[in-house]
Structures are given as C-alpha cells and as structure tokens.
Amino acid sequence: MHFKAMIVAAGIAAASAGPALAADISGAGATFPYPIYAKWADAYKKETGAGLNYQSIGSGGGIKQIQARTVTFGATDAPLKGADLDKDGLIQFPMVMGGIVLVANLEGIAPGQLVLDGPTVAKIYLGEIKSWDDAAIVKLNPGLKLPSQAIVPVRRSDGSGTTFVFTDYLGKVSKDWDDKVGSATAVEWPVGIGAKGNEGVANNVMQTKGAIGYVEYAYAKQNKLTHARLVNKAGKVVEPSTPSFQAAAASADWKSKPGFGIDLNNQAGDTVWPITSPTFILLPKQPKDPAAAAEALKFFDWAYRKGDTMAADLDYIPMPEAVVKMVEESWTQVVDPAGKPVWTAAAK
Amino acid sequence: MTDASLHPSRALATATADRARALARHRIPDAVFAALTRAAALAVLVMLGGVIVSLARGAWPAFSAFGLDFLTTSTWNPVKERFGALAPIYGTVVTSLIAMLIAVPVGLGIAVFLTELCPRPLRRPIGIAVELLAGIPSIIYGVWGLFVLAPFLQETVQPALIATLGRAPLIGPLFEGPPYGIGLLTASLILAVMVLPFITSVSRDVFETVPPMLKESAYGLGCTTWEVVRRVVLPYTRAGVIGGVMLGLGRALGETMAVTFVIGNAHKIQASLLAPATTISASIANEFTEAVGDLYTASLIALGLILFVITFVVLAAARLMLMQLERRQGA
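To keep things clear, this report deals only with the structure shown in the data block. Computed from a predicted model, the values in this text were never measured in an experiment.

About the cut-offs
Residues numbered from 1 in each chain as written. Chains lettered and ligands numbered in written order. Predicted model: local features only at pLDDT ≥ 70, side-chain atom pairs only at ≥ 80, totals over all residues. Heavy atoms only, no water. Helix = DSSP H or I, 4+ residues; strand = E, 2+ residues; numbered from the N terminus. Rg over C-alpha atoms; globule rule 2.2 N^0.38 Å. Buried < 20%, exposed > 50% of the residue type's maximum accessible area, 1.4 Å probe, protein only. Contact = heavy atoms within 4.5 Å. Areas by Shrake-Rupley, 256 points an atom, 1.4 Å probe, with all protein chains shown as cover. Lys, Arg positive; Asp, Glu negative; His and termini not counted. Charge placed at Lys NZ, Arg CZ, Asp CG, Glu CD. Buried area = accessible area lost by both parts, 1.4 Å probe. Salt bridge = Lys/Arg side-chain N within 4 Å of Asp/Glu carboxyl O. Polar contact = N/O pair within 3.5 Å; in protein donor to acceptor, adjacent residues only side chain to side chain. Nonpolar A, V, L, I, M, F, W, Y, C, P; charged D, E, K, R; others polar. Pairing = 2+ DSSP bridges.

**Structural notes on the overall build of chain A**
Reasoning step 1: When helices and strands are counted, chain A shows 14 helices and 12 strands.
Reasoning step 2: In terms of overall dimensions, chain A is globule-like: its C-alpha atoms have a radius of gyration of 22 Å, near the 20 Å expected for 348 residues.
Reasoning step 3: Dimensions of chain A, computed from C-alpha atoms along their principal axes, come out at roughly 85 × 45 × 40 Å.
Reasoning step 4: Going through the 348 residues of chain A one by one, you find that 56% of them count as buried.
Reasoning step 5: Within chain A, counting contacts between residues at least 6 apart in sequence, those at least 24 apart form 74% of the total.
Reasoning step 6: Approximately 14,200 Å² of chain A is accessible, and the part contributed by carbon and sulfur atoms is 56%.
Reasoning step 7: Looking at chain A, you have 34 positive and 34 negative side-chain charges, and the mean spots of the two groups are 2 Å apart.

Here you go:
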C-alpha cells in the first residue's frame, strides 16, 4: 500500500514537472512553411536554447490540433474565417508568404518562355483547352513553337493550402471556374492527374510530357522546372520573383478581414505576381499554458526581426514591416487566466 | 520392485497418488497455457469487432447524410460537401481484377515452369528472384512506376494502344483519350507485378506437394506436360492455388502507396483504362490528413468500411468456391 502510494506520488510529481521541463514550443499544421519554420527553429535554439517542435501534418490537421489544444500553436495556409476564430477562441496572423507558379513540361521551351493568363489556365483546368497548340495559348505566345500535344493538368490529390490559393485565384479570374468548381483546400477537379504534395506535383510534371502543374515557387526554383510567366490584373506579363510577390503584399489591405485572413490573389499593380499567399499561425486567446504561449510569441517575434534572410534563402517572402507591427499589436489578445497579456513588446 | 509385487494394492495406491500429483502439477500450467491461447484468439475477435464498430461509428455521419447515394454516385466534391464512393470502389475493383488477369496466368506459369520444367541449377535463382520481388517495399514500386514505367507507357505503349486498339470496335473506348502515362492501366500493371510473387510462391509450394507417383503415372500413360499440369497437378492443388490467388487479390485490393503514385487520384469513372482514376485506399491516404469538415472525414472512414466489406466478401466467396469444389469432387 505504502509502495503504491509512493508510485502515485511520483507520478503526480512527474506530471506536474512535465511542462516546466518541456521548454520546447510545440506546433503543428501546414506543410508549405515547414522548411522555413524548421530553419528558424534551428537558429533560434542555437541563440536562445529554446527548441521548437513543429509537425508538418497539413493545415487541416493543424487546425484540428489547435482546436483540441494539443499543441501550443497551429499553422494553416488557408485562413480561418472570423466566425471560426471567435468560436474556437483563436487569434490568427500571417507569418511568411509564398508565391505559386505554374510549371510545364514542354520540349524545347525554357523556363520563363511560356506566357499564360488566368482565364486560359482556368480553361486548361476545366478541360476546355486540351492541346498545347490551342488558339488561346498560341495567341499569348506568338514567338513560341507549341507542339500539338495533349495537355496533362496535374493538381494536388491531398487537401492543401496551395490548392486553396490556386483555386481561389482561378475563381477570381474565371466566372466559369467559380460557378463550376469553386475554391477550397480540395475541390472536385474536372480533369487531370492528382499527386500528393508539392513534390508529387513537381515530380509528375517532370515525368509526364505535356504536363502542367501548380507548385510553390520554392519547389519550381529548386527543381529547375519550366515555369510560366503570367499576365496579371494590370495586363502586364510578370516573372515570378521575390519583388513581384512582395508587390502583391504591399498593395493589400491587411485589416480588411479578421485575423489578417486576406489572400493576395490578383492584386492590382503593374509588377504584382497574381498568385501569392501568406501562411498563418493560430494561437488560443486564453492558452492552457500561458508560459508556452509566451515562448511561442517570443519565437515569432524573433523570426519577424531576424528571420528575413533565412526566409529569402529558402524562397519565402518575409512579411513587410508595417504588417509585422499590426500583427504584434494583435498579440495583446493572448492573455493568461488573470487577463494579463502573456507577451508585450517590452518583453523582447 | 519386490515390494510392489508383495503389496500390489499399496503399490497401486502410491502409483495412483503419484499420478494424481503429477497431473495436479501439470494442471495449472496447462490451464494457464489454454487460457493464454484462448485470450490470444479472443483478442483477434475483439480487435476485429473494435475495428468494425469504430469504422461504423466514424462512417455513420456520411451514411446518414447520403444514404444509399453514397454507394451509387461518383460525385466527390469537398467544396459542396457531396460525397459518393462509386469512383473509388470502381477503381479498386477494376485495378485488382486487371492485375489478377495478368498475374494469375503469369504466376501459375512461373510456378509450373519451376516445378515441372526448369533445369535444376536454374530453380533456386528464379525462385529466390520471385521471393525478392515480394520483399520490395510498396513505395519503391510506386516510385519506380512514376519515374520509369509511366514515362515509358506514355511515350511508347499508350500511343500505340490508342492508335490500334483505341480505333477497334467494341473495345475501342477502353483505350481512348490522351496518353497520360498515369492511370488505371498503369496502376493495374504495378499491382500485377506486386501480387505476382504471392501467387507464384504459394502455387510453387503446393505444386511440390503433388505425389511424384501420380505425375509419373500420367506421364507413363503418354500425357504431355500440359496434360499433366491440367489434369493432375492443378486438380490436386486446387485449394492451395486458390488460396494463393486470394492472398494476391487481398493485397491488390488494399495496396495503397504504389497505387497512389501511378493511378492519377481522380474521383472519376471513365471508360478508358488510360484515364486517371482512384482507389479506396489511395483516396484515404491522400485526403485524410487534410480533410476539413466532419462529413469529409466521415466519408473517408466510410470508404474504409466499404473496403473492409469488399475484402470480407472476397474472402467469403473464396471459401464458398472451395467448399463447392470439394463437394463436387466428393460426389
């Protein structure tokens, strides 16, 4: 009996010691920002000794985990709506941005040579444009020799924030797309091949002649895929690049949606890349473990201030200074049980 | 010894007591052993029941929302939250059937060759090669399918199929459409390669159990090798061969990773075997992590339940078939 009591006591002691020992911040969610979160975490650990454990299980999983409060923060590519944020008592803010590019596998055509516009891309993914020498594509590419080859549209088979941003863009540029398909992390695709993850789409495009696919900019760049230039809202042909992504962020009205939940698709401006999106962090307003939430916010603040070069190295686009300021102001909503904000600018 | 003969009754009593003691000593371990094995057997039943119950509970929202439509429609629209399982069911059944259509004759052919015709020095290398095929992880098959088989099919085999069989009457629609390289046919081919070792090694093992006397008698009567295989070996080993085929079919129905790489993951039923499609397990593997909304998740779990039922039906059908065969043989 005595022995049993001792075990129980030891168990309680261990359980209560748990949070204090586990200084690691835990997070789960979107796969798209995983490389940069991992890189930041590594540098942050070297600098401060505090570790970050981020599981890239996908945006959907991240949302579920933060709703269940099994992690300190969740991460999602598709922003939650204001009502959902309120229902689950969460705040949301953008951490870093990425651009989505279209890549193709066409013999004799170099990266950046092909030009496409939104309505044409929508028609390709609707199955209305079937061949590379279709009049609509030829018209956009007067100088190119396009083969009479079947177009193989490649898209994501798993639910994905990338798909959300891409289908949202298509819905903005094509009424047909909006009516027939709509936008979500997974949609009912009229045509095409499904592949899992950005790397799956990239691989399928590389392996399949005549394929077209959409991937995060980083994947296109690292795999040296043949990306297309796009015609933006202003009617200008733009090259995907950090300046053209940042141009999209600069012209956006971040305060227009709760939790900064805007998208940067099809923004006005001559140099704007039309398919750009932020990826978001979700944090409970009343965290179960205020100390852990404070640690997480400290990490995010550090990443905003010191992580820009690392982000750029991996082809992510850092948040503009003005947006960071607005985000950090919103952090005062995260409070401990006494109602005191867990993080203040002074605590840097 | 002398004592025993002098006092037979006492000796008998001691012997009985010894026996009783020995029995008692054994009784406890015996009982423990029996209980343990029974518990192990029961654990299987409990687990199986648990799986069924949790699948059914998880799938309930989907079935109550869509009813029978879930089984008869092929819409899969996460935006409007309309889900129907027909496309993945179709893909699962068709890829497995085509795979078996290819793998059964080839597998039996290899087994016959190895047991009846193969020169002795070649037997082991070929046998080991087949078994090695079974040891390759399915993801490797998937990657190989995507990087090697699919481009090859897209550039050579599929254009030829479209140009010839695609124009033929009746079967034409099966080979129509642009050559994607990825689709139903590619997935079936990969599955065929994957189930081949199961069918081959089981059949080879059972073929070896045919008594040489039976075969030699047949050869003595002037039978050809084909006749011996057809009339002696196959009838003798029927149950084992069907077991091997069912093992292969079971693997084909549930195979996930390799299929998802090469099938195209499209929730569509199209006549063409070259078109992208999806299977139950591929859909679950692809979509579960990012399924947003309870109905979406429930629909995926319902897919799992359907696969469970399909597998059960296949196994039950195999049992029935075997029973019927045995009855006919007895009659």
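**So, the interface of chain A and chain B**
Reasoning step 1: Contact with chain A, which involves 36 residues of that partner, is made by 28 residues of chain B.
Reasoning step 2: Taking both sides of the interface into account, the surface hidden between chain A and chain B amounts to around 2,500 Å²; carbon and sulfur atoms contribute 48%.
Reasoning step 3: Of the charged contacts in the structure, one is a salt bridge between B:Glu155 and A:Lys209, with a shortest N-O distance of 3.0 Å.
Reasoning step 4: Taken together, the links from chain A to chain B amount to 11 residue pairs in polar contact (both at pLDDT 80 or more).
Reasoning step 5: A per-class count over the side of chain A that touches chain B returns 13 nonpolar, 15 polar and 8 charged.

**A few points about helix H9 (residues 197-207) of chain A**
Reasoning step 1: Burial runs high along H9(A): 8 of the 11 residues are buried.
Reasoning step 2: Taken as a whole, H9(A) has its buried residues at A:Gly197, A:Asn198, A:Gly200, A:Val201, A:Ala202, A:Asn204, A:Val205 and A:Gln207.

**Notes on the pairing of strand S8 (residues 211-216) of chain A**
Residues and elements named next belong to chain A.
Reasoning step 1: Burial of S8 is extensive: 6 of the 6 residues sit out of reach of the surface.
Reasoning step 2: The pairing of strand S4 (residues 90-104) with S8 spans 5 bridges and is antiparallel. Paired with Val101 across the strands is Val215, a residue of S8.
Reasoning step 3: Of the strand pairs in this sheet, strand S6 (residues 152-156) and S8 are connected by 3 bridges, and their pairing is parallel. Opposite Pro153, over in S8, you have Ile212 as the bridge partner.

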